Amino acid sequence: MKSPDKSTISSRRKFLMGAGAAGIGAVAAGKAQGKTTNDAAAKGRTAEGRDTAYHGQAGKRWVMLIDLRKCVGCQACTVACKIENNIPDGRFRTWVPDVEIGTFPNARRAFLPRLCNHCERPSCVEVCPAGATWQRADGVVEIDYDTCWGCGSCVDACPYDARFMNPVTQTADKCTFCSQRIDQGLLPACVETCIGGARQFGDLNDPNDPVARTIRTHPVQVLKPETGNEPRVFYIGLTHELQNNLQGKPTLWSEDREAAGKGDDGTWKIEPLVEMEGADV
Amino acid sequence: MKTRRNFLKLCAAAGIGGGAAGYYDVLFHMIPFNDRGEKAPHPVYGRSDAPEWLLDRSTGEHRPNPDFALRHTVDLQCHSECGLRVKIDKKSGRIARIIGNPYQANCRSDYLDYKMPIAKTARLPGTVCARGNTGLQTVYDPYRVTVPLKRTGPRGANKWKPISWEQFIKEVVEGGRIFADTDDPASKELEVLGFRGLYEKRNEPMDPEAPEMGRRTNGLVIQGGRIKGTRRKFQTRFANAFGTVNEFEHTNVCEVSHHIATDAVYPHKHAVKPDIRSAEFVMFWGTSPGDANFPMQTMAKYTAEARARGTRYVVVDPVLHRGGVGGDSAEWVSIRPGTDGALAMGMIRWMIENGRYNADYLSYPNQRAAEAAGELSHTDASFLVIVEPGHEREGAYLSPAEAGLAVGEGEGHVVIGADSGRPEPAAEAGKARLDHAGTVNGIRVKSAFRLLRESANRHSLEEYAAICGVAAEKIADLAREFTSHGRKAASEFYRGVVKHPNGFYNGFALHMLNVLIGNLNWKGGISAGGGSYGGMTGIYDLNSAPGLSKAKGIKINREGAHYESSTEYRKKVAAGEDPYPARRPWFPHTFNVYSELLPSIIEGYPYKADILIWHMATPFYSVPGQGNEELIEKVKDPNNIPLIIASDIVIGDTSMYADYILPDTTFMERWVHIGLHETTLVKGTSVRWPVIEPLTGKTADGRHFSYETFLIDVAEALGLPGFGKEAIPDRNGRLWPLHSREDYFLKITANVAYADGDPVPDVAEEDMQICDLAAFRKEFEDSLPADQWPKVLQVLARGGRFEPAENAWDGERLGHRYTKRLRIYAEEVALSRNAITGKRFPGTPMWLEPATIAGTPLAELDPKDKWPLKILTYKGSLQTHSRLSSNTILREIQPENWIEINVRTAAEFGLKDGDLVWVETPHGRRKGRVKLREGVLPGVITFSVGYGHWGYGASAVDIGGKRVLPDRIRSAGIHLNPIMRRDPDVWQMPLIDPVGGSATFFETPARLQHA
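What counts and what doesn't
- All chains use their own residue numbering, which begins from 1 and follows the written sequence.
- Chain A is the first chain written and ligand 1 is the first ligand written, with later ones labelled in order.
- In view of the model being predicted, local features appear only for residues whose pLDDT reaches at least 70, and side-chain atom pairs are presented and counted only at 80 or more, with totals across whole chains, interfaces and linings using the full set of residues.
- Side-chain calculation: all heavy atoms of the structure are included, whereas hydrogens and water are not.
- Counting from the N terminus, the helices are DSSP H or I runs at least four residues long and the strands are E runs at least two residues long.
- Only protein chains enter the accessibility calculation, which uses a 1.4 Å probe; a residue is then buried when its area is under 20% of its type maximum, exposed when over 50%, and partly exposed in between.
- Whether two residues are in contact is decided by their heavy atoms: any pair within 4.5 Å suffices.
- Values of accessible area rely on a 1.4 Å probe in the Shrake-Rupley scheme; residue burial ignores everything except the protein chains shown.
- Salt bridge, as used here: a side-chain nitrogen of Lys or Arg that lies within 4 Å of a carboxyl oxygen of Asp or Glu.
- We call two N or O atoms a polar contact when they sit within 3.5 Å, provided that within protein one can donate a hydrogen and the other can accept it, with sequence-adjacent residues counted only if both atoms are side-chain atoms.
- A strand pair is defined by DSSP finding two or more bridges across the two strands.
- Note on method: axes are straight lines fitted to C-alpha atoms, helices fitted across the in-contact stretch only, with angles between N-to-C directions ranging 0 to 180 degrees.

Further remarks concern the overall build of chain B. Helix and strand counts for chain B stand at 31 helices and 38 strands. Principal axes of the C-alpha set define a box for chain B whose edges measure 90 × 75 × 75 Å. Classification of the 1011 residues of chain B by burial places 69% in the buried group. Contacts in chain B between residues at least 24 apart in sequence constitute 72% of all its contacts with a sequence separation of at least 6. For chain B, the accessible surface area stands at approximately 31,400 Å², while carbon and sulfur atoms represent 49% of it.

With that settled, the discussion passes to the interface of chain A and chain B. Taken together, the contact between chain A and chain B spans 84 residues of the former and 104 residues of the latter. There are 7 salt bridges connecting chain A and chain B. Two residues, Lys82(A) and Glu892(B), come together in a salt bridge whose shortest N-O distance is 2.3 Å. Counting the contacts that link chain A with chain B gives 29 residue pairs in polar contact (both at pLDDT 80 or more). Looking at the side of chain A that touches chain B, the element that brings in the most residues is helix H5 (residues 76-85) of chain A, giving 8 residues.

Another aspect to go through is the sheet that holds strand E14 (residues 384-386) of chain B. Residues and elements named next belong to chain B. Strands sit in the order E14-E18-E17 across an open sheet of 3 strands; the sheet is antiparallel. Sheet topology places E14 and strand E17 (437-440) at the edges, where each strand pairs with a single neighbour. Going across the sheet, the axis of each strand differs from the next one's by a mean of 40°, ignoring polarity. By the bridge criterion, 3 bridges tie E14 to strand E18 (residues 443-447) in an arrangement that is antiparallel. Bridge assignment links Ile-386 to a residue of E18, and that residue is Val-445. Each of E14, E17 and E18 is contacted by helix H14 (residues 448-456), which is oriented at about 75° to E18, the strand it contacts most.

What follows concerns unusual backbone geometry. Residues and elements named next belong to chain B. In this chain, Phe-294 is followed by Pro-295 through a cis amide linkage whose omega measures -15°. As for its placement among the helices and strands, Pro-295 is situated in the loop between strand E11 (281-285) and helix H10 (296-309). Cis geometry is found at the peptide bond from Tyr-605 to Pro-606, where omega equals 5°. Looking at the secondary structure, you find Pro-606 in the loop between helix H20 (597-603) and strand E21 (611-615). Here the phi dihedral of His-268 falls at roughly 70°; this positive angle occurs in a residue that is not glycine. The class for His-268 is exposed, based on a relative accessible area of 64%. In this structure, Leu-884 takes a positive phi of about 75° despite not being glycine. Residue position: Leu-884 is located in the loop between strand E31 (869-874) and helix H30 (888-893).

Note that every value here comes from positions in space, so none of it alone points to a role or purpose.
Written out as structure tokens, the structure reads:
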């Protein structure tokens, strides 16, 4: 597989120009050479035959395109994902940081929908000592919840902070592009519910797929291109201030996603302030 | 975890959450299978839900997963009324997930053809916002009340016992010493007049000396919170049958001045909206597209698409909210709170001075002349208004008779003919002189346009700039840009503009921007909406019944009535007294003045109440300044209001002060028929119906407890007309019974299905199965004749009835056009008076300084040196005003709210991000945490509503002697409504807009103190 053009790392402008050429070219090359597959994982799953859940949909390369011009920060995706996938409190497979940028009166809001990038070169797969995580033929990076020991290596290895430990299964967990849905020809829950139409889902290998066409013909960006992971979640309108280290003042939840929600003991981490006075002052 | 389990067990025993253990089950009620955690149901798909559609790989077609039903209904997590597709697990009957209804206009720009089979829509979902997605957490809230509760202690002590439905109905109907079983000394001995006792007085006058007050039955007051469409009509039916005029919704704490200002310009319309998808320039005032407004998600969708196209739009608001302003084509204009009218009047002045208005359009005085000239609407701009000082009709439109014209047919208004230069009847003139002042038949007159121009010229652009904090050059720039796109520009406003004492005039001024460019009915301009399929008439007449008539009398909040026509006024005048001020204001131009109900009842002005029903109402939480100890104490005293019944789904912040809690249904368990919002431009009626079996208990004859069941059972006990055996006439003269809510709502559905003489198709067998409708039909078979069911089920299968999406436009025109006369002069307002000051209201749009009802400018009432800040509330896309604290996923995303201030304001007060502070107002103080922002105007405090609850699961309650523990996240955050500014001269009244009737949310003065 072709390694990413390192010259794109130092310069965002170069990256933007180069993304269409170098980045996407790598997909095609990767396809031709077969997937990055963890041998142990593959062995553990041979008994399942050609079950799509394990092997994915041959010939396809699922990607997501997020048009930030259309994101309104409504968090419908965040919620739909939690309900569809039964994600425990305080954990998120997808989340949307909501920040304020600029200074008064020229301030504006910016949103950055986040999820697993289903990278072409996922750094989480190779570190798994149990062979519990692998990439399907269609690019979806999966976890075998029966095999995962819950060691957390992959959580640390992901440069995008996309993985977390699920306190219910005590395994690693992350976005799967809703593989249970896409394997039935449906859309991921977050895409279905996106009110602004910012999230789009498609097959990069299909030249007629509108998402693939947009990715090939429009300037698109990825998060932290310097990781070399070649993310397959693309953005339109990803500015420099959002691309590498999210800058700006958080206006919704705190920086720490898990600070919201409940702890493992089921109690809320935020304690109410109950003091109030009604008397005239 | 242990606490949660115990709590659930306790709930089941006590009658809360009876039918379901709550959504928490999914998250917490798991039994670990080994040390490593719970085994996921599928090794790869993990704990994710099974999909509702299965792919047939050979054909590429989808077939429904037989384990689930999909039903289309309507949301009520906010009032956007978005269509929902509800995925229901057939085995458990529980909702698994909610997505959008792709057949409904809110949920897709290109919503789907009504006839498309549901199975073809698997990959064409509708969208729905975060609140819509979490709706199942409202339904399965472990704090749901599912059986009637009766207080066992004093009001507000939160000590309850579950009682049977029969006991509940009997006690409230028959009255007597019904609180003898409580330990409340104030009411143990109290003889309570029940519904029957009050109904027996239906022929007695409320006040023998003031017959206009109507009958004693007006002593039943229904303070409804959110109740819309046909559910509201049901409440009205009961009120009329019982004989009370006092039946309300909550609109004055919402945005009623927006309704009234809109009605003043567009008669009988309460909202007009921009065609966002076709406009080239849009101004949003006091509302942020993508964060709020109607429908929130649809405005978000259209503006998101517009942004991607590069369409320019501006959001005018003191606060930069989520959603609206991002990228290069959108701009935030920060404005001082409540001064939108000054900015608008400045723009109007610039537009008129620079000839940047559509004079030609404004010169056509009737629709015929307008259409002959290729226009799509007409206005009163050229109509003459009497300005003769001291003339008995000063402020009225000049009539043809007064002008000395032969009174012909048609409308009674006069213009100066453009060609003749002489007075002509407005109805007959072709083109009229627009800007005119002169004398007609000895009476001094001015055209409505001249009055507008003079009003705009009361201040210079610089003065307007100084008032609103937007530079004069910027005002001119906005006006120039607004007038640079022909008809493809539009101005839109919402709550932020009108929740001020000058709200009506702010809104009136803003409407003028659109009128001056003549954009109504044009593609890219302003739409009055596509309307609905009705439902109250057709095959069945739901408006009438034998013996049913409209209740009469002055409403207890004196809305829709002039003080000057009251006995009180006449007596004072006859006695030679100054009739002003009245004891409390009267509101001749508005409706649903919700905030006046409790103080009026307690003061007995103009009369007292015997029975109060709260339906989905929480005045102590929502009304500015009313959640205070003094008012709560008065309400707690049974001598002030002997019987209070709250219809609620939980023990809420206000319903906790009731005598009884009536277990109501949630939006997934109830009915409504409601028209689409104007934003979508198309015609449609959405239908909310019970897509799951209600969690509430059942009557002996199998009807689920609900607000409607309660009203039916009371009505039947009293033998009220319009209920019981012979209640609903059909067009063949047959009378149908009304004993269950389906008896009523299914007939409305039939009217919708057959509306316009163009019935919907029969439901397809496959759709019947996907929606699991056979069982539903069987359960309610008797409510409709067999031949109507296939069409009624088609409406249910689609979640309503909607015209094709392409009907939105007709070439360069909108598909649905409004042709009544637009008004730039509000004659009926100009002819009325403020009942406190006796002064006439202005009839033209203008900048008015905000003041108390007695006329004290707020700047004098609360001087800036003492109160340097102003509090603004907001309701973003993750919250509805007082609800949704049970939606824990939303709380995970935003667990608390903050006192949001500009970094410069923080510097002035020496505050850092996250500091704990006291927010002080003239009525109290609350502690909260500050968040420093750039997108807040300096000098302003803003906070999200929906936090800081004391009820709704936030406090411990005793039920049947058992303690139910609170969920503490529900009290997290800060809520400032209870300490908001009240009017100094009227007891327990928020600052109020005397014309539009809005309670003021955005004028409370404040300061911050380190906590």
